[in-house]
Amino acid sequence: MASSMTGLRARQLCNLCHNISLSRISTSGFQSRAQGTKLPTERLVIPKRRKRDDLAVLRALAGTVGKDPTASYGYHDDPFLLPKSPLERRKYLLSGDSGRKAAKLVINAKPDLFLAYQHDEPKIEAFYPPSQTYVFTEPSEDAIMERLDVLDLIGAAEIHNQLIESGNAPSMDVSNHLLEVLCFYNSESPVTVMDIEPPPPREALEAGETTQEEEAPEEEVEESSPAPEPMRGRHRETWKAGEENAAQIIFDSLEEPDSRSYNAMIRGMVKYGAHSKAFNLFNTMQERGIQTTLEGYNALISIVISIRPDYSERWNVLQQLLRQMRAENVQPNITTFNNLLNSLRLMGGIGRKRALQTLSEMRAVNVEPSLGTYNHLLNIFYRDNLPPTDIIYEILDAIEGQEFELQEPNDIHFFKNAMNVCFKLKDVRLAYRLDALLNTGDNYKLSGDHVKRSLYYSWFLNLVCLMDNSDAMFEYYEKLVPGGFIPNGLVFMEMMRSVQTAGKLEKLSYIWDEMCLYGLRYWQQPKELLLQIMATADSVDTTVLEEFGRVANDIQKAYVESSRRRVPSRWTNISLPHVATIHIRAGDKDSAWSTLKVFRKQKLTPGQAVLEDFISLCLRTNDVDGAMECLELAVNDTLAFAPSLAQKIKQHEGLTTGQSNQLSQILEGDEDVAVKDG
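Residues numbered from 1 in each chain as written. Predicted model: local features only at pLDDT ≥ 70, side-chain atom pairs only at ≥ 80, totals over all residues. Heavy atoms only, no water.

Asker: Kindly report on the overall build of the protein, identifying the contributing residues and their values.
Answerer: Helix and strand counts for the protein come out as 31 helices and zero strands. The burial tally for the protein puts 43% of its 678 residues in the buried class. Looking at the protein alone, contacts between residues at least 24 apart form 69% of all its contacts between residues at least 6 apart. (Helix = DSSP H or I, 4+ residues; strand = E, 2+ residues; numbered from the N terminus. Buried < 20%, exposed > 50% of the residue type's maximum accessible area, 1.4 Å probe, protein only. Contact = heavy atoms within 4.5 Å.)

Asker: Tell me about the packing of aromatic side chains, residues and numbers included.
Answerer: One pass over the full model with this rule turns up 17 aromatic pairs. Each residue in the set Tyr432, Tyr456, Tyr457, Phe460, Tyr476 and Phe485 is aromatic and connected to the rest through ring pairs, giving one cluster. Over the ring of Phe423 we find Lys426; its NZ or CZ atom is 4.3 Å from the centre of that ring. (Phe/Tyr/Trp six-rings, centres within 6.5 Å; stacked < 30°, edge-to-face > 60°. Lys NZ or Arg CZ within 6 Å of the ring centre and 35° of its normal.)

Asker: Describe the pattern of salt bridges, and please don't skip the residues or the numbers.
Answerer: For the structure on display, the rule yields 20 salt bridges. The salt bridge involving Glu188 is made with Lys240; its shortest N-O contact spans 3.3 Å. Residue Glu188 is located in the loop between helix H7 (172–185) and helix H8 (202–207), and its partner Lys240 is located in the loop between H8 and helix H9 (246–253); the two are separated by 52 residues in the primary sequence. Linked by salt bridges that have partners in common, Asp173, Glu180 and Arg260 make up one network. (Salt bridge = Lys/Arg side-chain N within 4 Å of Asp/Glu carboxyl O.)

Asker: Tell me about the environment of Val304, and name the residues and values.
Answerer: Mapped onto the secondary structure, Val304 falls in the loop between helix H12 (294–302) and helix H13 (311–327). In this structure, the C-alpha to C-alpha distance between Val304 and Leu321, residues 17 residues apart in sequence, is 9.9 Å. Excluding its chain neighbours within four sequence positions, the residues that come into contact with Val304 are Phe279, Arg314, Val317, Leu318 and Leu321.

Asker: A description of the packing of helix H6 (residues 153–165) against H7 should follow, citing residues and the corresponding values.
Answerer: At a closest axis distance of 11 Å, the pairing of H6 and H7 adopts a crossing angle of 140°. On the basis of the axis angle, H6 is oblique to H7. Between H6 and H7 the crossing geometry is left-handed. On H7, the residues that touch Leu153, Ala156, Ala157 and His160 of H6 are Ser175, Leu178, Val181, Leu182 and Tyr185. Residues of the contact of H6 with H7, tallied by class, amount to seven nonpolar, two polar and no charged. (Axes fitted to C-alpha atoms, helices over the stretch in contact; angles between N-to-C directions. Parallel < 35°, antiparallel > 145°, perpendicular 65-115°, else oblique. Left-handed = near helix turned anticlockwise from the far one by under 90°. Nonpolar A, V, L, I, M, F, W, Y, C, P; charged D, E, K, R; others polar.)

Asker: Can you tell me about the environment of Leu617, naming the residues and giving the values?
Answerer: Tracing the backbone shows Leu617 in helix H28 (residues 608–620). Look at Leu617 and you get buried, because its relative accessible area is 5%. Each C-alpha atom of the pair Leu617 and Asp588 lies 9.0 Å from the other, and the pair is 29 residues apart in sequence. In this structure, Leu617 is in contact with Ile584, Gly587 and Lys589, ignoring residues within four places of it in sequence.

Asker: Can you break down a nonpolar patch on the surface residue by residue, with the values?
Answerer: Together, Leu55, Val57, Leu58 and Leu61 make up an exposed nonpolar region whose accessible area comes to about 410 Å². Looking at the secondary structure, you find Leu61 in helix H2 (residues 56–62). (Patch = residues over 30% accessible without salt bridge, like charges linked within 9 Å, V, L, I, M, F, W, Y side chains within 5 Å. Areas by Shrake-Rupley, 256 points an atom, 1.4 Å probe, with all protein chains shown as cover.)

Asker: Summarise the nonpolar core; cite the residues concerned and give the values.
Answerer: Within soluble globular proteins, side chains that are nonpolar tend to cluster in buried spots. Among the nonpolar cores identified, the biggest contains 170 residues, and Phe414, Phe548 and Leu596 are the most heavily contacted of them. If one sorts the elements of this core by residue count, helix H20 (residues 450–467) sits on top with ten residues. (Core = buried A, V, L, I, M, F, W, Y, C linked by side-chain atoms within 4.5 Å.)

Asker: Pulling in residues and values, what's your account of helix H26 (residues 575–585)?
Answerer: When you tally the buried positions in H26, you get ten out of eleven residues, the bulk of the element. Those residues of H26 that are buried are in contact with helix H24 (524–536), helix H25 (542–561), helix H27 (589–601) and H28. Once H26 finishes, Gly587 follows within two positions and takes phi at roughly 80°, a positive value.

Asker: How would you summarise the confidence of the model for the protein if you had to cite specific residues and measurements?
Answerer: Summing up the model confidence of the protein, the mean pLDDT is 82 and the portion of residues at 70 or higher is 83%. The secondary structure element of the protein with the lowest average pLDDT is H8, at 43, and the one with the highest is helix H19 (residues 428–438), at 96. This model gives residues 1–10 a pLDDT under 50, and the stretch forms zero contacts once residues within four places in sequence are excluded. The low-confidence segment residues 201–233 (pLDDT under 50) makes 68 contacts with residues lying over four places distant or belonging to another chain. (pLDDT = per-residue confidence, 0-100.)

What follows is the structure, given as structure tokens:
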């Protein structure tokens, strides 16, 4: 009965709500009719289907996820598993590549097991065993294209030669397509090689020096002065020769090579270091009246610096190429101007004079500069032997707040080199502006690989430590580590100095814990600086002194552990007394005494101030026996200040008769030793 009543009430409530809504609609309808107006009828418009690419869903999902400063997506998202050094990163990447090769080996060994289950959509051919059979087995254009689809370049070249020998020459389009692929891969089938940038030397990361060969400083010279062999060793010719050069064989077999054929050869020669041959082929094209493409001109502009030793001659060749482009109505693009600026970078005074003219010419032809363009300008105007300029300020004024996309390879060098300039200028406000630009939109994707990001953030955090307060330093440290980079020893040392200047010594233990976490536990120089700051700190709270003692104990353990390493840490007459001083100030007599024993093991001599402080600590706690042991240590090491230590103990009021006699014996023994030495 109760359930039926509940159901009845529910139905009544629904009907009431329905009537209320209908009454409202009806009332509005009556009012409209009364006014003699018609209600506008709204039509439901279904939008047309929008075409989207294959990555649209992934791009939409990626837009819902922000950047995580604690994550390093190239590795496991765990600070304890992150590679701590360039060598560890290289091992990590190589191990991943080894796993992929092992998977390939299994797929190729048992292809039937994988071909039986093909349920992926879209199908990714690279994940499947390579096809062992071809549909077109007889020599034909279709057979050439089929082999090119799987990058079987040797097989495609053989079929092309068979068609030539049989008198059935392939079409010019097929021949040029094959020629372009052969030139791109230097007449050999591509091999899957992992592209791992070699790690820079440790001193480069520590000192903030760049290791790029193209950014080495050059000597300032005048326009007419010849460059002293600037390009020696800068490139190596690997272009195939003789019968191994299938591209050259096919090019020679063409009755009348066209512009596409010549340009494919020129670009291949440029890519593989045959620069003189590329210019000779270009001259042949000019003699035969064959026009060069934009890509061909871009390739030739990029290698002018390698074929002319004199700066003036280089500029003349560049001008000739640009005039020829204008004569052939070839419109330059961003790569043209960036290659031109890259050549000007290695042309001394001429380069600096022509760089800004080149930038003006870009604007005149409506070509927007890329980040690579600004990177070349930085390399031209900011060299070690040149006075500072305001170019970087003008660049940031022009591009601040903009979003960029990758247009050419040099774009990824801009942020690293710009931060290096900020670091040299010691302008932290400029660095903040640059970092804001990096974090605008997706610009952070143009920061380069791990090495470039490490250099960028190392310079940035160093600059914050030097020129801003400690609060800003820790704020950026939490943002950048470990997602942005793994700090090196120089960064931690600057953080210690910043904390010392700000008087926030309680943060030193945190810095030490971070050093241990990121693999710097055994580095000598940061440890010595940390010990020095803790030992010389003034007006420190008791809790902070106790924390200093914990850090000092941990550093002592690190020294012991390092004895089993290839390059062990060494105690010095500076670091070991600092450890003893820290324990004494923390009131830890046991740790201080164990540290004093290490002096003899390491064949080091404790200073008078350290021993006096230890004796004072013992006497304050009425530990006369401990003070006497310290005095014996000084006497056994024949330290000249042993009598002053004895006098300090003798002045203590709580000495017993036995302790006074023992003190007299120690002093007499010291006098006997002095007489013998005399």
